Amino acid sequence: MNIGLCLCGGGAKGAYQAGVIKALYDRNIKFNTISGTSIGAINGYFIFTNNTEKLEKMWIDIDSDSNNNIKIVNNTVDNSKLIEILSNIDNSNNDKLDFFVNYINIENNMPNEIIVNILDLDKEASLNSIKYSSLLPFNPQGTMGLSEQFIKDLSEGLYNGYNLDGGLVNNTLLKPLLDKNLDKIIVISNEHDFKLPDDIKKYCNEDNIIIVRPKTKFTKHDTLRFEKEFCKNLYYEGYEIGKNLNISM
């Protein structure tokens, strides 16, 4: 069976997603094609390089003080520590695995979605693409919620020339997987009430898509909640769900 994996974004909630991934790998379920957005792109790189053991370690050993160390650099949430972790892992995967990542490039106050296949890029370009995909805008002078503030700042030209988080326009990067005519596609969302977007339903067979959702109902503050116990508990929640996930034709 040819299986695709779509990894949605969600910041610290990606700990849950990582647990599902590890459980599926422990069941010897492998993927022919993957896609990732934001934290999904970071988690996906561990699959791409065949380093799921290190994926587990990153999430359950996360710095307990990291929630106090979130830095804002140039009106974005600094993700350099995560990218540094990725830069230090070796690619031990001999398989040619398609791995699609999206981000947005902003010009003239307009976001344009860019989709790349990491398989076609060298390591530096790959890490840059993942960095962009997981780079959240954050205006420390803002007074609104993340989405509302971003829309305002975008209209005022604050982010012209930036490459930013792909989840701002498309948090479920399914189209490249659908183009592969896979037997099954597993979507690991980080939202308990996730449903397929209507525009995707128009061109897919929903019977071939398995949606994996967390039991935890998150708040808007959990996206940046990179706390050790929080992430560890989410990881094991995801592992239990992945361990019992029914995947059949």
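Residues numbered from 1 in each chain as written. Predicted model: local features only at pLDDT ≥ 70, side-chain atom pairs only at ≥ 80, totals over all residues. Heavy atoms only, no water.

Q: I would appreciate a short explanation of the overall build of the protein in the present structure.
A: Helix and strand content of the protein: 9 helices and 9 strands. In terms of C-alpha radius of gyration, the protein reaches 17 Å, essentially the compact-globule figure of 18 Å for 249 residues. Projected onto the principal axes, the alpha-carbon positions of the protein cover approximately 50 × 40 × 35 Å. Taking as baseline every contact in the protein between residues at least 6 positions apart, the subset at least 24 positions apart corresponds to 77%. By element, 44% of the accessible surface of the protein is carried by carbon and sulfur atoms, the whole surface being about 12,100 Å². (Helix = DSSP H or I, 4+ residues; strand = E, 2+ residues; numbered from the N terminus. Rg over C-alpha atoms; globule rule 2.2 N^0.38 Å. Contact = heavy atoms within 4.5 Å. Areas by Shrake-Rupley, 256 points an atom, 1.4 Å probe, with all protein chains shown as cover.)

Q: Sorry, what's going on with helix α9 (residues 228-243) here?
A: Since the α-helix advances by 3.6 residues per turn, residues separated by three or four positions end up pointing in the same direction. With 16 residues, α9 should cover 22 Å at 1.5 Å per step; its first-to-last C-alpha distance of 22 Å lies within 8% of that length. Turning to α9, its buried residues number three or more, namely Phe230, Cys231, Leu234, Tyr235, Glu237, Gly238, Tyr239, Ile241 and Gly242. Looking at the buried residues of α9, the elements they touch are α1 (14-26), α3 (52-60) and β9 (209-212). (Expected span 1.5 Å × (residues − 1). Buried < 20%, exposed > 50% of the residue type's maximum accessible area, 1.4 Å probe, protein only.)

Q: I keep staring at the pairing of strand β1 (residues 3-7) and nothing clicks. Help me out?
A: Burial analysis of β1 places 5 of its 5 residues in the buried class, the great majority of the element. Here β1 shows no split at all, with Ile3, Leu5 and Leu7 on one side and Gly4 and Cys6 on the other all buried. With 4 bridges joining them, β1 and strand β2 (residues 33-36) adopt parallel strand pairing. The partner of Leu7 across the bridge, within β2, is Gly36. After leaving β1, the chain enters α1 and then returns to the sheet as β2, a path that is right-handed. (Pairing = 2+ DSSP bridges. Right-handed = clockwise from strand over helix to strand, strands pointing away.)

Q: Could you clarify how one ought to interpret the nonpolar core in this entry?
A: Core analysis: the biggest nonpolar cluster contains 53 residues, and Leu5, Phe31, Trp59, Ile130, Ile186, Ile188 and Val212 have the highest contact counts within it. Sorting elements by how many residues they give to this core places α1 first, with 8 residues. Counting residues in each nonpolar core, the second largest holds 13 residues, with Leu174, Leu177, Phe194 and Leu196 among its members. (Core = buried A, V, L, I, M, F, W, Y, C linked by side-chain atoms within 4.5 Å.)

Q: Quick question: what am I supposed to make of the side chain of Asn51 here?
A: Tracing the backbone shows Asn51 in the loop between α2 (39-48) and α3. Look at Asn51 and you get buried, because its relative accessible area is 9%. If we ignore the near neighbours within four places in the chain, the residues touching Asn51 are Phe46, Ile89, Asp90 and Ser92.

Q: I tried to follow the packing of α2 against helix α5 (residues 123-133) on my own but got confused; where do I start?
A: Any two packed helices are characterised by the angle at which their axes cross and by the distance between the axes. At their nearest, the axes of α2 and α5 sit 7 Å apart, and the two run at 150 degrees to each other. When the axes of α2 and α5 are compared, the crossing they make is left-handed. Every residue of α5 that contacts α2 at Ala41, Ile42 and Tyr45 is listed here: Lys123, Leu127, Ile130 and Ser133. Looking at the contact of α2 with α5 residue by residue, the classes come out as 5 nonpolar, 1 polar and 1 charged. (Axes fitted to C-alpha atoms, helices over the stretch in contact; angles between N-to-C directions. Left-handed = near helix turned anticlockwise from the far one by under 90°. Nonpolar A, V, L, I, M, F, W, Y, C, P; charged D, E, K, R; others polar.)

Q: How should the side chain of Thr76 be read in this particular structure?
A: Relative to the elements of secondary structure, Thr76 occurs in strand β4 (residues 76-77). In contact with Thr76, not counting residues within four places along its chain, are Lys71, Leu135, Leu136, Pro137, Phe138, Tyr159, Tyr162 and Leu164.

Q: So what exactly am I meant to see when it comes to a nonpolar patch on the surface here?
A: On the surface, Ile70, Ile72 and Phe138 cluster together into a nonpolar patch covering about 210 Å² of accessible area. If you trace the backbone, Ile72 turns up in strand β3 (residues 72-73). (Patch = residues over 30% accessible without salt bridge, like charges linked within 9 Å, V, L, I, M, F, W, Y side chains within 5 Å. Salt bridge = Lys/Arg side-chain N within 4 Å of Asp/Glu carboxyl O.)

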